[in-house]
Amino acid sequence: MAEHTEAAAYPVGLRLAGRRVVVLGAGQVAQRRLPALIAAGADVLLISPSATPSVEAMAEAGELRWERRRYREGDFEGAWYALISTDDPAANAAASAEAEARRVWAVRSDDAAAASAWTPATGRSEGVTVAVLTGADPRRSAAVRDAVVEGLRDGSLAAPHYRSRAARPAVALVGGGPGDPDLITVRGRRLLAEADVVIADRLGPRDLLDELPPHVEVIDAAKIPYGRFMAQEAINNALIEHAKAGKAVVRLKGGDPYVFGRGMEEVQALAEHGITCTVVPGISSSISVPAAAGIPVTHRGVAHEFTVVSGHVKPDDPRSLVDWEALARLRGTLVLLMAVENIAAIAETLVAHGRSPETPVAVVQEGTTAAQRRVDATLATAGERVKAEGIRPPAVIVIGDVVAAGRPADR
């Protein structure tokens, strides 16, 4: 898009693959512009006596040719496009005159009005390139660009993908993040905006469902701990049925689809029926919820590793796949998911295998949401504290010295 000016620019997309582009100067302007020129496949010749470390790295990687010298007459011979961005106004003016004489479109960083071309503010989203020109006002161009790209990414700017009737059935498996609707990825939010059917978990960002258009069918796949649930087989069947009906299906899960989320089971079930599945990673509660409660899962001089463990079965349960004795010997952080009901048995087991009973413990319920609360304890008191405070799932339990590092001063 371009705003009307006294002499409006004519927008055009240059196909520079294999064509010579000359860049004068290797400072911050070149550092910003070079990646796009390289991505376009241009044969880039960089002319500058020095360069920023990032630009120098591009040259060392063979992404462009670098001649370490100043501009001289004739440098634009055979060029299709030029970027003039030196810190020498006289050299810029001379280069601009040569570009004009050779009919090479040229951009000038120091004097846009004297250039024969302008660089639009550009952004990309899912194969769409947005380029905005507002004359010689780059800040306004960038602001408009950002608004359009953000709208495309989060779905607030309607630009649906039209599916052919013959298109292969497909499902998007979207990690919704820990609960705060702002913590879903932009790709996940866009796919939600394009959905015909959403099969949602209880732990997904429920507030986003209110934003869906009325025609979108929302299926409750809530698997409430220790209560009623929609069997995994029924979830799989619903995904397959709606995908084969030609609908855009989103499976919205809490956290990340693969972190104790049974996402791979759903991907495998879809694959058996020839249905492709796009997996959109999500922010796992294992790191985001502690962070929201002020707890770093690693901290210099305190913990150099963290381990994420499922606590949905007790340590002595024959179904458990966790080596609790080995975990007790670790010096780093333990993050427990789905462990509220079993925290007393887990704490007792860790202490029995050598972990200090005074090891700090934090339990964060409903992390990243308005209902978030944190309860602090030790391995010796964790079971009693969780019961006394009435902690219920979903909650993330953090065990280790990082709890003390992230403990508020008034606790």
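To be clear, the structure that these remarks concern was listed above.
Residues numbered from 1 in each chain as written. Predicted model: local features only at pLDDT ≥ 70, side-chain atom pairs only at ≥ 80, totals over all residues. Heavy atoms only, no water.

**Points about the nonpolar core**
Of all hydrophobic cores here, the largest spans 23 residues; its most connected members are Leu336, Leu350, Ile397 and Ile399. No other element matches the 4 residues that helix H10 (residues 343-352) contributes to this core. Look past the residues within four positions of leucine 336 in its chain and what remains in contact with it is Val309, Trp324, Ile343, Ile346, Ala395, Val396, Ile397 and Ile399. Val23, Ala26, Leu64 and Trp66 belong to the second largest nonpolar core, which has 19 residues in total. (Core = buried A, V, L, I, M, F, W, Y, C linked by side-chain atoms within 4.5 Å. Buried < 20%, exposed > 50% of the residue type's maximum accessible area, 1.4 Å probe, protein only. Helix = DSSP H or I, 4+ residues; strand = E, 2+ residues; numbered from the N terminus. Contact = heavy atoms within 4.5 Å.)

**Some remarks on the pattern of salt bridges**
For the structure on display, the rule yields 17 salt bridges. With a shortest N-O distance of 3.4 Å, lysine 253 and glutamate 266 are connected by a salt bridge. With a gap of 13 residues between them, lysine 253 in strand S11 (residues 249-253) and glutamate 266 in helix H7 (residues 263-272) connect regions that are remote in the sequence. Between arginine 374 and aspartate 376 there is a salt bridge, with the nearest N and O atoms lying 2.8 Å from each other. Classification of arginine 374 by relative accessible area gives buried; the value is 9%. Using a relative accessible area of 13% as the deciding quantity, one classes aspartate 376 as buried. Look at the salt bridges and you will find they share partners, linking Asp201, Arg251, Lys253 and Glu266 into a network. (Salt bridge = Lys/Arg side-chain N within 4 Å of Asp/Glu carboxyl O.)

**Comments concerning the sheet that holds strand S2 (residues 43-47)**
Paired through backbone hydrogen bonds, the strands of a sheet run either parallel or antiparallel to each other. Taken in spatial order, the 5 strands make up an open sheet running S3-S2-S1-S4-S5, and their pairing is parallel. The sheet is open, and its two edges are formed by strand S3 (65-67) and strand S5 (105-108), each paired on a single side. With direction set aside, neighbouring strand axes in the sheet form an average angle of 15°. Across 4 bridges, strand S4 (residues 81-84) lies against S5 in parallel orientation. When the sheet's bridge partners are listed, alanine 82 is paired in S5 with alanine 106. (Pairing = 2+ DSSP bridges. Axes fitted to C-alpha atoms, helices over the stretch in contact; angles between N-to-C directions.)

**Examining the packing of helix H6 (residues 232-244) against H7**
Relative orientation of the contacting elements H6 and H7 amounts to 45°, with a least axis distance of 10 Å. The orientation of H6 relative to H7 falls into the category oblique. By crossing handedness, the relation of H6 to H7 is classed as right-handed. Of the residues in H7, those touching H6 at Gln232, Ile235, Asn236, Leu239 and Ile240 are Glu265, Glu266, Ala269 and Leu270. Broken down by class, the residue content of the contact of H6 with H7 amounts to 5 nonpolar, 2 polar and 2 charged. (Parallel < 35°, antiparallel > 145°, perpendicular 65-115°, else oblique. Left-handed = near helix turned anticlockwise from the far one by under 90°. Nonpolar A, V, L, I, M, F, W, Y, C, P; charged D, E, K, R; others polar.)

**Some thoughts on the sheet that holds strand S17 (residues 395-399)**
What the 5 strands build is an open sheet, ordered S13-S14-S17-S15-S16; its pairing is mixed. This sheet does not close on itself; its edge strands, each paired only once, are strand S13 (306-310) and strand S16 (373-378). The mean inter-strand angle of the sheet, taken between neighbouring strand axes irrespective of direction, is 20°. Looking at chain direction, strand S15 (residues 360-365) and S16 are connected through 6 bridges and run antiparallel. Looking at the pairing, alanine 362 lines up with aspartate 376 of S16.

**Things to note about a nonpolar patch on the surface**
Residues Tyr10, Val12 and Leu14 make up a contiguous nonpolar surface patch of about 390 Å² in total accessible area. Considering the arrangement of structural elements, one finds valine 12 in the segment before strand S1 (20-24). The class for valine 12 is exposed, based on a relative accessible area of 61%. (Patch = residues over 30% accessible without salt bridge, like charges linked within 9 Å, V, L, I, M, F, W, Y side chains within 5 Å. Areas by Shrake-Rupley, 256 points an atom, 1.4 Å probe, with all protein chains shown as cover.)

**Structural notes on H7**
Within the span of H7, buried status applies to Gly263, Glu266, Val267, Ala269 and Leu270. Seen from one end, H7 has its buried residues packed into an arc of 165°, which puts them on one side. Turned more than 90 degrees away from the buried face of H7 sit Ala271 and Glu272, all of them exposed. Two residues or fewer after H7 comes glycine 274, characterised by a positive phi angle close to 70°. (Arc of directions from axis to C-beta.)

**Topic: the packing of aromatic side chains**
Using the criterion set out here, one finds 1 aromatic pair in the structure. Positioned above the aromatic ring of tryptophan 80, the side-chain terminus of arginine 19 is 4.5 Å from the ring centre. (Phe/Tyr/Trp six-rings, centres within 6.5 Å; stacked < 30°, edge-to-face > 60°. Lys NZ or Arg CZ within 6 Å of the ring centre and 35° of its normal.)

**As for the pairing of strand S9 (residues 197-200)**
Each regular strand carries side chains that alternate between the two faces of the sheet. Across the two faces of S9 the burial is the same, with Val197 and Ile199 and Val198 and Ala200 all buried. Pairing between S9 and strand S10 (residues 217-220): 4 bridges, direction parallel. Each residue of the ladder has a partner; that of valine 197, found in S10, is glutamate 217. Where S9 lies against S11, 4 bridges are found, and the strand directions are parallel. Opposite valine 198, over in S11, you have valine 250 as the bridge partner.

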